[in-house]
Amino acid sequence: MTIQTVTFSINNKLSIAENIIEYVQSHEDKFSPALFTKHDQQDLRYQFATASLHVDMVEMAQDSNSGVISVSYGIHFFWPCNNQDEIDHYKETLNFVIREEKVTIELVEHEPWIVL
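To start, this report covers the structure provided alongside it. No experiment lies behind these values; they were computed from the predicted model shown.

## Details of the packing of helix H1 (residues 16-26) against helix H2 (residues 28-36)
Two quantities define a packed helix pair, namely the angle between the axes and the distance from one axis to the other.
Next, step 1: The contact between H1 and H2 brings their axes to 6 Å, and the two run at 75°. As far as their axial angle goes, H2 and H1 are roughly perpendicular. Listed contacts from H2 to Tyr-23, Val-24, Gln-25 and Ser-26 of H1 are Glu-28, Lys-30 and Phe-31.
Next, step 2: Looking at side-chain class alone, the contact of H1 with H2 contains three nonpolar, two polar and two charged residues.

Spelled out as structure tokens, the structure:
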């Protein structure tokens, strides 16, 4: 397990929450690989469901320099035996800090696991 970070500059015309929501949802490609590692079974039938990443809530700590982001996303699974697709939805909490007009979001990258 490793920690990866994504950093972006704050647009002062928007609130911190609006900045985070806009950035996360419009840059799914930066978040989906790390989120997917939690479900990665080294099985090509599983994929991150495109356009499924949504910010559900942004909570600021009392110091207003950190907080958590609650996100939801889907993992797409293809059942070849009956030619059907399924999308399971998951929730995750991401930590963030604010320093020097920039937001840094922490992403936990998990090691792949194999079902025997």
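## Brief notes about the side chain of Glu-92
Next, step 1: In this fold, Glu-92 is placed in strand S5 (residues 84-99).
Next, step 2: Reaching out from Glu-92, the side chain makes a polar contact with the side chain of Lys-38 at a distance of 3.1 Å.
Next, step 3: Among all residues touching Glu-92, those that are not within four sequence positions of it are Leu-35, Lys-38, Ile-69, Ser-70, Val-71 and Tyr-73.

## Some thoughts on the pattern of salt bridges
Next, step 1: For the structure shown, the criterion picks out two salt bridges.
Next, step 2: Linking Glu-92 and Lys-38 is a salt bridge whose minimum nitrogen-to-oxygen distance equals 3.1 Å. Here Lys-38 lies in the loop between H2 and strand S2 (46-48) and Glu-92 lies in strand S5, a separation of 54 residues in the sequence.
Next, step 3: Among the residues examined, Lys-38 registers a relative accessible area of 38% and is labelled partly exposed.
Next, step 4: Here Lys-91 ties to Asp-56 by a salt bridge, and the two come within 3.3 Å at their closest N and O atoms. Linking Lys-91 in strand S5 with Asp-56 in strand S3 (residues 54-60), this pair joins segments that are 35 residues apart in sequence.
Next, step 5: Here Asp-56 falls in the partly exposed class, since its relative accessible area comes to 42%.

## Looking at the pairing of S3
Next, step 1: Bridge analysis of S3 against strand S4 (residues 66-79) gives six bridges, and the strand direction is antiparallel. Within S4, the position partnered with Val-55 by the bridge is Val-71.
Next, step 2: The turn joining S3 and S4, which pair antiparallel and follow one another in sequence, is formed by five residues; a positive phi near 60° is taken by Ser-64.

## Section: the environment of Phe-96
Next, step 1: By secondary structure assignment, the location of Phe-96 is in strand S5.
Next, step 2: Since its relative accessible area comes to 2%, Phe-96 is described here as buried.
Next, step 3: Placed 68 residues apart in sequence, Phe-96 and Glu-28 show a C-alpha to C-alpha distance of 16 Å.
Next, step 4: With residues up to four places along the chain from it excluded, the contact list for Phe-96 reads Ile-16, Ile-20, Val-58, Glu-59, Met-60, Ser-66, Gly-67, Val-68, Ile-69, Val-103, Thr-104 and Ile-105.

Cut-offs and rules
- Residues numbered from 1 in each chain as written.
- Predicted model: local features only at pLDDT ≥ 70, side-chain atom pairs only at ≥ 80, totals over all residues.
- Heavy atoms only, no water.
- Axes fitted to C-alpha atoms, helices over the stretch in contact; angles between N-to-C directions.
- Helix = DSSP H or I, 4+ residues; strand = E, 2+ residues; numbered from the N terminus.
- Parallel < 35°, antiparallel > 145°, perpendicular 65-115°, else oblique.
- Contact = heavy atoms within 4.5 Å.
- Nonpolar A, V, L, I, M, F, W, Y, C, P; charged D, E, K, R; others polar.
- Polar contact = N/O pair within 3.5 Å; in protein donor to acceptor, adjacent residues only side chain to side chain.
- Salt bridge = Lys/Arg side-chain N within 4 Å of Asp/Glu carboxyl O.
- Buried < 20%, exposed > 50% of the residue type's maximum accessible area, 1.4 Å probe, protein only.
- Pairing = 2+ DSSP bridges.

Just distances and angles here, no functional claims.
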